[in-house]
Amino acid sequence: MCCLPDDYYNGAQATQLTANTPYLLDRDSAGLGHSVLNQLNGQARKLTELSFSLGADNVMALSAVSAKLKNESSNIIGTTASLYTDKMGNFSKAIKAYQDALMEYRDVSRSQGYHRSMSTSSSAVRQAKQKAIAAFNRMQERFAVELEAVNSGSKAKRGTVLSSAERGTSIARSSRSVAKLDISNQAKAHDLVKFSRYAKGLGNGLALIDFGSRIGKVHNSYLAGENWHRKLFIESSSFAASALTASTIMSYGLAFFTVATPLGWVCLIAVAAGGAMLMNDYLQENSGRKYDSLMDNLR
Amino acid sequence: MNEIEDTLLTIGLIGLFFTMILYVLFGQVTVRKLRKNKETKDSLGIEFASGWDILNVALALSRPKWLEKRIMASPTAHFAADAKVLYQYTNRFDRILGRLFSFFSLTTTLMLLALALADAVGLFD
């Protein structure tokens, strides 16, 4: 590149622009510009990729929304974490079901004195094998992506217990020890499944933080000798309303929005969070008056 | 403060009160029984936060048949509770309670949300 204006700057006067690097367009824009540049220098590649996939304006909007979310309505952030983790919880269950079916097949086939030659098989053994294959197929249908991630590192030519029902059943039937069948452990060790246990705690925890901070406010007002009944009324009604709004929007949004695209999720969560925050603010302002008029009418 | 808005807010808060009571009631009477039952334990829908399955069950018990078919055919089918299984293991009282709760919760939420939006937009000034 040539003929750049004098002011393109990143650590030094730039004569060429390189990809994935932030530049200041005006060197004279003082300390703020420089500190921003320093912060961005580490993240430039991520930001570029994000901008390409979501569009530059959306990246700006998203960062504003997530900053606001962190400050205000913490109970909605937990839902994104919980959403994926619930699917992973079901994945572990499906793996366990497959493992149980394989172990059953193993017991049945061994108790019948079944040898390596496959010449005879009673109907019980046949049924157990069908059950194991069905469990594998169910798992394969619902969790194809996750299974591929778990199996992608394996180099076994004949397949592993988790990649093929044939391999699983033949290992169940003829292997001398059951170590290879303990797929629950192999999969559990995999990062994907680990994530679900960690993140589920995160999901519920954030709702508790929101609730806890409201209780804290009421307690503080009690300690300060103010009208804490009123504060309790305000806090509880705004919590209930914002939780209801968020849950209703999420439930119905899922039923009717296409959530296959990542942007669809962002919209849904932003709308639910926005609704919850709106309700929270509105009731915080107005339920105080309602409490006062209620108390006046009761006296 | 506007008269109409005041009345609507009062109605909304009363509705909120009843919704919360019905939520706990439904959770204790029906969903607790469903959670303990082995056959229905896994058909209560996805749980974003603790207690979400109560909402899922109530919605599943109050959906008309055409909506049920639509949802089961969509890609997010396994987020909702499984109505077929639920109908087998609940009695009429459970279903009425669930329908009451979902009616109250939906109307109250929509009403309060509309009120808050109208206030934000400045409709009442």
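Structure report, in brief. (Residues numbered from 1 in each chain as written. Chains lettered and ligands numbered in written order. Predicted model: local features only at pLDDT ≥ 70, side-chain atom pairs only at ≥ 80, totals over all residues. Heavy atoms only, no water.)

## Some remarks on the overall build of chain B
At step 1: Counting its secondary structure elements, chain B contains five helices and zero strands.
At step 2: The buried share among the 125 residues of chain B stands at 47%.
At step 3: Across chain B, contacts joining residues at least 24 apart in sequence account for 72% of those joining residues at least 6 apart.
At step 4: Total accessible area computed for chain B in this model is approximately 6,900 Å², and 65% of it derives from carbon and sulfur atoms. (Helix = DSSP H or I, 4+ residues; strand = E, 2+ residues; numbered from the N terminus. Buried < 20%, exposed > 50% of the residue type's maximum accessible area, 1.4 Å probe, protein only. Contact = heavy atoms within 4.5 Å. Areas by Shrake-Rupley, 256 points an atom, 1.4 Å probe, with all protein chains shown as cover.)

## Some words on a nonpolar patch on the surface
All names here are of chain A.
At step 1: A cluster of nonpolar side chains, contributed by Tyr-222, Leu-223, Trp-228 and Leu-232, occupies part of the molecular surface with about 410 Å² of accessible area.
At step 2: Among the elements of the structure, α8 (191-223) and α9 (228-256) are those that each provide at least two residues to the nonpolar patch.
At step 3: Within the secondary structure, Tyr-222 is located in helix α8.
At step 4: Using a relative accessible area of 47% as the deciding quantity, one classes Tyr-222 as partly exposed. (Patch = residues over 30% accessible without salt bridge, like charges linked within 9 Å, V, L, I, M, F, W, Y side chains within 5 Å. Salt bridge = Lys/Arg side-chain N within 4 Å of Asp/Glu carboxyl O.)

## Looking at the environment of Phe-136 of chain A
Residues and elements named next belong to chain A.
At step 1: As for its placement among the helices and strands, Phe-136 is situated in helix α4 (residues 123-142).
At step 2: Since its relative accessible area comes to 5%, Phe-136 is described here as buried.
At step 3: Phe-136 sits 25 residues away from Val-161 along the chain, and the two C-alpha atoms are 9.5 Å apart.
At step 4: Beyond its immediate sequence surroundings of up to four residues, Phe-136 is in contact with Tyr-98, Val-161, Leu-162, Ser-163, Ser-164 and Ala-165.

## Details of the packing of aromatic side chains
Each aromatic ring pair is characterised by the separation of its centres together with the angle its planes make.
At step 1: Summed over the entire model, instances satisfying the criterion amount to eight aromatic pairs over all chains.
At step 2: A centroid spacing of 5.8 Å and a plane angle of 80 degrees characterise the contact between Tyr-222 of chain A and Trp-228 of chain A, whose relative ring orientation is edge-to-face.
At step 3: We classify Trp-228 of chain A as partly exposed; its relative accessible area is 32%.
At step 4: Both rings, one in Tyr-23 of chain B and one in Phe-101 of chain B, keep their centres 5.6 Å apart while their planes meet at 45 degrees; by these two values the pair is tilted. Separated by 78 residues along the polypeptide, Tyr-23 of chain B in helix α1 (residues 3-36) and Phe-101 of chain B in helix α5 (residues 92-121) bring together distant segments of the chain.
At step 5: Through successive ring pairs, a cluster of aromatic residues spans Phe-17, Phe-18, Phe-103 and Phe-104 of chain B. (Phe/Tyr/Trp six-rings, centres within 6.5 Å; stacked < 30°, edge-to-face > 60°.)

## Remarks on the environment of Arg-126 of chain A
At step 1: Its location among the elements puts Arg-126 of chain A in helix α4.
At step 2: Taking the C-alpha atoms as reference, Arg-126 of chain A lies 8.7 Å from Tyr-105 of chain A; in sequence the two are 21 residues apart.

## Some points on the interface of chain B and chain A
At step 1: Taken together, the contact pairs 34 residues of chain B with 33 residues of chain A.
At step 2: Carbon and sulfur atoms make up 74% of the surface buried where chain B meets chain A, a total of about 2,900 Å² over both sides.
At step 3: Inspection of the region where chain B meets chain A yields two salt bridges.
At step 4: Of the charged contacts, one joins Asp-6 of chain B and Lys-290 of chain A as a salt bridge, the two residues approaching to 3.5 Å between their closest N and O atoms.
At step 5: The interface formed by chain B and chain A holds five residue pairs in polar contact (both at pLDDT 80 or more) in total.
At step 6: Sort the elements by how many residues they give to the side of chain B that touches chain A and α5 of chain B lands first, with ten residues. (Buried area = accessible area lost by both parts, 1.4 Å probe. Polar contact = N/O pair within 3.5 Å; in protein donor to acceptor, adjacent residues only side chain to side chain.)

## Some details on the nonpolar core
At step 1: Ranked by size, the top nonpolar core spans 43 residues in total, and within it Phe-26, Val-57 and Leu-86 of chain B carry the most contacts.
At step 2: Secondary structure elements with two or more residues in this core: α9 and α10 (262-298) of chain A together with α1, α2 (52-61), α4 (83-89) and α5 of chain B.
At step 3: With residues near it in sequence (within four places) discarded, Phe-26 of chain B still touches Val-31, Ile-54, Val-57, Ala-58, Leu-61, Asp-94, Leu-97, Gly-98 and Phe-101 of chain B.
At step 4: Counting residues in each nonpolar core, the second largest holds 21 residues, with Ala-101, Leu-102, Leu-147 and Ala-165 of chain A among its members. (Core = buried A, V, L, I, M, F, W, Y, C linked by side-chain atoms within 4.5 Å.)

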